[in-house]
Amino acid sequence: MQERIDPRTARVRAALMEAVRELVAERPVEDLSVTEVAAAAGTSRRVVYEHFGDLASLVAEATLQLERQILAPVIERRDGQNVRAYMSGVLSSFVEGMYAEREFCRNALHGPSAYRIATDTTRMLDETMCDHVMGKRFAPEDMAADDRRYAIAAGVVGMVIRWFESDFTGENAPDAMAQRLLDTMFSLAGVSG
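Owing to the predicted nature of the structure, the values given are computational and were not obtained by experimental measurement.

Asks: Is there a simple way to explain the side chain of N107 in this structure?
Replies: Note that N107 resides in helix 6 (residues 102-109). Not counting residues within four places of it along the chain, the set of residues in contact with N107 comprises V24, A25, E26, R27, P28 and V29.

Asks: Explain helix 4 (residues 55-76) to me, please; I cannot follow it from the model alone.
Replies: Taking 1.5 Å as the rise per residue, helix 4 with 22 residues should run 32 Å; its terminal C-alpha atoms sit 31 Å apart, in good agreement. Of all the bends in helix 4, the largest measures some 35° and sits at I70, one to four residues before the proline P73. The N-cap of helix 4, judged by a side-chain oxygen 3.4 Å from the amide nitrogen of A56 a few residues on, is D54.

Asks: Even after reading the chapter, I still don't get unusual backbone geometry, so can you show me in this structure?
Replies: Glycine aside, residues mostly have negative phi angles, and peptide bonds mostly take the trans form. Positive phi, normally seen in glycine, also occurs at F168, with a value near 65°. When you line up the elements, F168 lands in the loop between helix 9 (143-163) and helix 10 (174-189). Given the relative accessible area of 9%, F168 is considered buried.

Asks: Would you mind showing me how to read the nonpolar core here?
Replies: The tendency in soluble globular proteins is for nonpolar side chains to be buried side by side. Formed by 57 residues in total, the largest nonpolar core has its most connected members in L16, L55, L58, M87 and M185. No other element matches helix 4, which puts 10 residues into this core.

Asks: How should the packing of helix 9 against helix 10 be read in this particular structure?
Replies: Each pair of packed helices can be described by the angle between their axes along with the distance between the axes. Packing of helix 9 against helix 10 brings their axes to within 10 Å, and their N-to-C directions diverge by 155°. Classified by the angle their axes make, helix 9 and helix 10 are roughly antiparallel. For the pair helix 9 and helix 10, the crossing hand works out as right-handed. Only P174, M177, R180, L181, T184, M185, L188 and A189 of helix 10 make contact with helix 9, whose side of the interface consists of I152, V156, M159, V160, R162 and W163. Residue composition of the contact of helix 9 with helix 10, grouped by class: 11 nonpolar, one polar and two charged.

Asks: Where do I start with the side chain of S113 in this structure?
Replies: Examined against the element boundaries, S113 turns out to sit in the loop between helix 6 and helix 7 (114-131). Residue S113 is classed as buried on the basis of its relative accessible area of 2%. Setting aside chain neighbours within four positions, we find S113 in contact with A56, V59, A60 and A108.

Asks: Explanation requested: the environment of A108 in the structure shown.
Replies: Here A108 shows up in helix 6. Separated by 48 residues in sequence, A108 and A60 have C-alpha atoms that sit 7.6 Å apart. Not counting the four nearest positions on each side in its chain, A108 is found in contact with V24, V29, V59, T63, S113, A114 and I117.

Asks: What's the story with the pattern of salt bridges in this structure? I'm lost.
Replies: Pairing between side chains of opposite charge can happen when the charged atoms of each approach one another. This model, assessed by the stated rule, comprises 12 salt bridges. Close ionic contact of R116 with E61 constitutes a salt bridge, the shortest N to O distance being 3.2 Å. Here R116, found in helix 7, pairs with E61, found in helix 4; they are 55 residues apart in sequence, far enough to count as distant. Given a relative accessible area of 17%, E61 falls into the buried group. R106 is paired through a salt bridge with E103; the nearest N and O atoms lie 3.8 Å apart. Of this pair, R106 and E103 both sit in helix 6, three residues apart, which is roughly one turn of that helix. Taking relative accessible area as the criterion, R106 reaches 23% and is therefore assigned partly exposed. On the accessibility criterion, E103 (38% relative accessible area) is partly exposed. Among the charged side chains, a salt-bridge network with shared partners connects E61, R68, R116, D120 and R123.

Thresholds applied
Residues numbered from 1 in each chain as written. Predicted model: local features only at pLDDT ≥ 70, side-chain atom pairs only at ≥ 80, totals over all residues. Heavy atoms only, no water. Helix = DSSP H or I, 4+ residues; strand = E, 2+ residues; numbered from the N terminus. Contact = heavy atoms within 4.5 Å. Expected span 1.5 Å × (residues − 1). Bend = angle between axes of the 7 residues up to and from the residue. Polar contact = N/O pair within 3.5 Å; in protein donor to acceptor, adjacent residues only side chain to side chain. Buried < 20%, exposed > 50% of the residue type's maximum accessible area, 1.4 Å probe, protein only. Core = buried A, V, L, I, M, F, W, Y, C linked by side-chain atoms within 4.5 Å. Axes fitted to C-alpha atoms, helices over the stretch in contact; angles between N-to-C directions. Parallel < 35°, antiparallel > 145°, perpendicular 65-115°, else oblique. Left-handed = near helix turned anticlockwise from the far one by under 90°. Nonpolar A, V, L, I, M, F, W, Y, C, P; charged D, E, K, R; others polar. Salt bridge = Lys/Arg side-chain N within 4 Å of Asp/Glu carboxyl O.

Written out as structure tokens, the structure is:
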């Protein structure tokens, strides 16, 4: 059973995440203060600390929420697709969505929340692959398979982080990057198709 969240709490958290996304899109996390984010969200510093603990955790949670929003529609449509078509859709949606929010992503990934963003994103991609791609490729409960799948997810996330340093043209254009990620993932996984 899903835990029920108080509507006021949900509104405050949403306001804080929206405020931090707007501010981090404008400048690096290191140049922001909890006071500034709280004011932009119409709340207090105390509320930020109560809900997130610190600014880095708020930025990481806002990034993960963005990623979930980007991926939700394509993940819901996975039934009936072959493995390559499904992961192509996942990676294309992810890259396009992150590209649309590239200023936020660049600044978030270079701040104190970068490690948490990378690990949370790796975990999310690993779970997505486990549910569809790797779940069909490797035996369940196989620790070595779990490790390989996680390593592949971490490598893909590393490629995305490096991509945010690029000029987004040529081989780094969003569509080309999505294809590179797909090809790399399938090559490392030994999955055809």
